[in-house]
Amino acid sequence: MTPTISNYGDHALLIRWPTDGFSEPVNDAVHHLAAHLRESGRYIEVVPGYDSIVCVFDLGLRSMSSAKRHVEDGLARHISKTTTAGKLVEIPVNYGGTYGPDMPTICATAKLTEDAVIALHSGQIYRVCMMGFIPGFSFLSPAPIALHHPRHATPRAKVPAGSLGIANWQTGIYGLESPGGWQIIGRTPFSIFDAEREVPFLLNAGDRVRFIPQ
C-alpha cells in the first residue's frame, strides 16, 4: 500500500498509509521508514503511529518540497524495508489481584480462568506501535482476540505507573500514574519512564515486548 504525504503545518509532513484497522505489514513499514528518517539526520522529530508518521524539520535548513522529495525517494527505493527492528524487552508482570483489578472482568468476557488469561496474554511478542498520551505510555500491537474488551465507561482517577491494560483490541503500559479508562490486568515493577534516568524511556516505538508472569 502506498502512503499519502501531506503538509502538516508549515514545517512538518504527515505520511499516512491507507488501512482498515490494525495492519502488521503497514506498522512494519511505518517503523522501518521512521528509523530511516531518523538516521538521515534531516528531521527535528520523527513520530510514528499505528499507520502514520509525522516528521518535523527546520524550515531554516530545508523546504517543504525538499523534505517531501526525501521521503518519496526513501519510499521509491524501498529503504523502509531494509532497516533493523527495535530491541526486544522482557518485562515482568504481576497479573491479577491488587495489581490487576479488572482481571475478573476480562476472565468473564473471555470465559477463561485467570491462569488461562495470563498464559494467553503473555504468550505472544508485542510491537510498541507508538508512544502516547502521557510520557512513557506504550501503545502495543493487538492483544489476543479473546481478551478484547471496551474501556471503562467512567475512567479511574488514578492508574498506577507500570499498569498493564486492555482497551478494545489494544494492550498498553502506563508510563506514569495517570487517570485512565483501560481495563487493568496487571502491573510491572519496571519503571517505564523516569525523567531522572540517563535514558528516561525504557521502551521506544518500534521495540518489541515479551511479558513474563511473576
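Quantities reported herein were computed from a predicted structural model and do not represent experimental measurements.

Basis of the calculations
Residues numbered from 1 in each chain as written. Predicted model: local features only at pLDDT ≥ 70, side-chain atom pairs only at ≥ 80, totals over all residues. Heavy atoms only, no water. Core = buried A, V, L, I, M, F, W, Y, C linked by side-chain atoms within 4.5 Å. Buried < 20%, exposed > 50% of the residue type's maximum accessible area, 1.4 Å probe, protein only. Contact = heavy atoms within 4.5 Å. Disulfide = S-S within 2.5 Å. Pairing = 2+ DSSP bridges. Helix = DSSP H or I, 4+ residues; strand = E, 2+ residues; numbered from the N terminus. Axes fitted to C-alpha atoms, helices over the stretch in contact; angles between N-to-C directions. Arc of directions from axis to C-beta. Salt bridge = Lys/Arg side-chain N within 4 Å of Asp/Glu carboxyl O.

Draft legend 1. Molecular detail of the nonpolar core. Formed by 22 residues in total, the largest nonpolar core has its most connected members in Ile91, Tyr95, Ile173 and Phe211. Excluding anything up to four places from it in sequence, isoleucine 173 contacts Ile91, Gly136, Phe137, Ser138, Leu140, Gly162, Ser163, Leu164, Thr188, Ile192, Leu203 and Phe211. Residues Leu13, Trp17, Val26 and Met64 belong to the second largest nonpolar core, which totals 18 residues.

Draft legend 2. Layout of the state of the cysteines. The full count for this structure, using the stated rule, is zero disulfides. Considering cysteine sulfurs only, cysteine 129 is the nearest to cysteine 55, which forms no disulfide, with 19 Å between them.

Draft legend 3. Region of interest: the sheet that holds strand β1 (residues 4–7). Ordered in space as β1-β2-β4-β3, the four strands form an open sheet in which the pairing is antiparallel. For this open sheet the edge positions go to β1 and β3 (45–48), each flanked by a neighbour on one side alone. Strand-to-strand, the axes of this sheet are offset by a mean angle of 15°, without reference to chain direction. Along the sheet, helix α1 (residues 24–40) makes contact with β2 (12–16), β3 and β4 (52–56), crossing β3 at roughly 175°. The sheet contacts of helix α2 (residues 64–76) involve β1, β2 and β4, and relative to β2 the element is tilted by about 30°.

Draft legend 4. A look at helix α3 (residues 103–110). Buried within α3 are the following residues: Met103, Ile106, Cys107 and Ala110. All buried residues of α3 lie within an arc of 100° about the axis, which places them on one face of the element. Projecting away from the buried face of α3 at angles above 90 degrees are the exposed residues Pro104 and Ala108. Looking at the buried residues of α3, the elements they touch are β5 (88–95), α4 (114–121) and β12 (183–187).

Draft legend 5. Local environment of the pattern of salt bridges. Tallied over the entire structure, the rule returns five salt bridges. Two residues, arginine 127 and aspartate 28, come together in a salt bridge whose shortest N-O distance is 2.8 Å. Highlighted residues: arginine 127 in strand β6 (residues 126–132) and aspartate 28 in helix α1, separated in sequence by 99 residues. Take aspartate 28: its relative accessible area is 24%, and that puts it in the partly exposed class. Across the pair aspartate 102 and arginine 156 runs a salt bridge whose closest N-O atoms are separated by 2.8 Å. Of the two residues, aspartate 102 sits in the loop between β5 and α3 while arginine 156 sits in strand β8 (residues 156–159), which places them 54 residues apart along the sequence.

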